[in-house]
Amino acid sequence: MSIAEEIELNTVDAAESRIIEETDAVESRPIEKTDAVVSRIIEKTDDSNEIQPTAEEMSTLERVADRIPIAAWLIVICELCERFAFYGISGLFQNYIEFPPATGNDTQPGALDRGQQTATALTMFFRFFAYLTPIIGAILADQLWGKYKTIVVSCVVYMVGLLVLLFTSIPPAIENGVAFPGLIVAIIILGLGTGGVKSNVSPLMAEQYSRTKPIITVIKGKRQILDPDVTMQSMFNWFYWAINIGALSLILTTNIEKYLSFWLAYLIPTVVFVGAIIVLIIGRNRYVQKAPSGSLLIRATRVTATAIRMRWRMGKQSDRSSLLDYAKVIPSSIDHNELETGTEANNNQFIDDLKKAVRACRVFAFYPLYWICYNQFGTNLVSQAAQMNVGPLPNDILQNIDPLVLVIAIPVFDKLIYPSLRRFKINFSAIARIAAGFLCVSLGMAWSAFVQHLIYTTGPNYTYINKPSSNEQQYNNITVAWQIPAYFFIALSEIFASITGLEYAFTQAPASMKSIVMSLFLFTSAIGSALNLALVPVTVNPKLLWMYAALAIESFVTGIVFFFVFRNDQKVHVEEISTK
């Protein structure tokens, strides 16, 4: 029986307290059983019946994904509910903030009447804050509560934010000026809740699968390799698929926003979010959990400060190739007891792990430039749709094209395209996929620039330099269907860049630093949102055309540079796996 099958916990042993044994630990120590952490022992399987592939078999046999544990699927459901709430409310912010309440023949939904620049700025701030707080969530998980409890507490905070947004969006609150400050408070609370969930939910899901080495198996009479890397890629693909199923909440909430009210549109995601809390509680005895072992971010900061200080004191040393090596303690052969040597070895191992994490995070330096383009989805593209003929549809409903494409395309890539590439020995590496993501989002921005050009050359409002009055037609005579290719290219870019970024962050990071590296990946989105705030002054007519064109050029150049800078990283990673 495989480790994955044991994790599924189908017997009465499910209720027993278990501890995860780290086979690669420098030294073992008991983990105390507390009320806060329910630890589970994953008993080692007898590897005598499992055959590991040779180097030749690794290059000739087909690599396939292992069975995904039930506990992992439960966490995927939790993420689906959370993303349903997140996208269901945040996708309405642009209209909620930008436009006034609809009156008379005006069917454009709105509430606060603060204009496009304010709407874009606040929406970007929410995204910035929501992806900055994962750093806090990672520290809480590693230092105090563990991943599971951090997610549960964060969900409670999240629920408070949803309720604040709901109650301050009812008509009396809007009429009495409570809606705008209520929105600000809700954004902050929701950002805190999101951070605790996002930094821990995908690592917790991945930890439910424990196999670390590939093995040979026979499926339908054919010898194949159960590959942990392929399994992890499949898990993250399904994880991201669930995210986009949740994102389809916008189909419902945008129509409720247009034809009923904003408060009812916010109520639906609030109710669905309760499902995330229920799943966490029901599956609490199924999840593989690790006790918190101290904040790695704090420890990493101290190590970095020590390395800088020692480099300054010692000068350049030929035996220390990396800056972080200066924080290492070289063991002395005399006057050293066994405990001190073990402590020093543990510290040096941590520094080596930190170096690997830093190496993985080098790739993330380019991601803010990707997120700048991606963030046009849900903000300026919603406002662009308001300048076009949408017919009976809400102007913000086209956001759903993105998750619809992903829901269809992710299983196709996971079950057809990627396996076919592996079968024909075509190495579509993570670095190549990320670069392809940059090029796809560049096409999306180029198409958006083209659509903006069509809007500006079509009457009756043309470039919108003179804002139409409430009695005049608010949109130009061009169908909103022209926007569809932009959303399609953005969706493809997510498959290549965003999914692969999550996968790369987890697989490249040392076992001790996965939450930190994952949080840093999410932090790149926060940086991208902050950079978007710098673009707010140009999010006005007629400058929008040049903004989209500049973003298209930026992402295209970044994708090319990214590939040539990191094209050898995947080769190094493959060689390390082969030697292991």
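For clarity, every value in this text was computed on a predicted model and none was experimentally measured.

The rules behind each value
Residues numbered from 1 in each chain as written. Predicted model: local features only at pLDDT ≥ 70, side-chain atom pairs only at ≥ 80, totals over all residues. Heavy atoms only, no water. pLDDT = per-residue confidence, 0-100. Contact = heavy atoms within 4.5 Å. Pairing = 2+ DSSP bridges. Helix = DSSP H or I, 4+ residues; strand = E, 2+ residues; numbered from the N terminus. Phe/Tyr/Trp six-rings, centres within 6.5 Å; stacked < 30°, edge-to-face > 60°. Lys NZ or Arg CZ within 6 Å of the ring centre and 35° of its normal. Salt bridge = Lys/Arg side-chain N within 4 Å of Asp/Glu carboxyl O. Buried < 20%, exposed > 50% of the residue type's maximum accessible area, 1.4 Å probe, protein only.

K.L.:
What's the story with the confidence of the model for the protein chain in this structure? I'm lost.
P.N.:
Caution applies to low-pLDDT regions: their predicted coordinates should not be interpreted in detail. Looking at the protein chain as a whole, the pLDDT averages 83, with 86% of positions reaching at least 70. Contacts for the low-pLDDT stretch residues 1-47, under 50 throughout, to residues beyond four places or in other chains number 76 contacts.

K.L.:
What is the right way to read the pairing of strand S2 (residues 215-219) from this model?
P.N.:
Residues in a regular strand project their side chains so that they alternate between the two faces of the sheet. As paired strands, S2 and strand S3 (residues 222-226) are joined by five bridges and run antiparallel to one another. From the neighbouring strand, isoleucine 219 faces S3, where its bridge partner is lysine 222.

K.L.:
So what exactly am I meant to see when it comes to the packing of aromatic side chains here?
P.N.:
Aromatic ring pairs: the centre-centre distance and the angle between the two ring planes describe each pair. By the definition in use, this model includes 38 aromatic pairs. Among the aromatic side chains, those forming a connected cluster through ring pairs are Phe364, Phe366, Tyr367, Tyr370, Trp371, Tyr374, Phe377, Phe438, Tyr487, Phe521, Phe562 and Phe566. Here arginine 114 stacks its cationic end above the ring of phenylalanine 180, 3.9 Å away from the centre of that ring. Sitting above the plane of the tyrosine 418 ring, arginine 433 keeps its charged end 5.4 Å from the centroid.

K.L.:
Help me understand the sheet that holds S3, please; the structure alone is not making it clear to me.
P.N.:
Strand order across the open sheet formed by three strands is S1-S3-S2, with mixed pairing between neighbours. Only two strands of the sheet have a single partner each, and these edge strands are strand S1 (63-64) and S2.

K.L.:
Just to check I follow, could you spell out the pattern of salt bridges for this structure?
P.N.:
Inspection of the entire model under this criterion finds 10 salt bridges. Taking the shortest distance from any N to any O, the salt bridge between glutamate 79 and lysine 198 comes out at 3.1 Å. On the criterion of sequence distance, the pair formed by glutamate 79 in helix H3 (residues 70-90) and lysine 198 in helix H8 (residues 179-207) is long-range, its members being 119 residues apart. Residue classification places lysine 198 among the buried residues on the basis of a relative accessible area of 9%. Residues lysine 328 and aspartate 352 are paired through a salt bridge, measuring 2.7 Å at the closest nitrogen-oxygen approach. Of this pair, lysine 328 sits in the loop between helix H12 (296-314) and helix H13 (338-361) while aspartate 352 sits in helix H13, and the two are 24 residues apart along the sequence.

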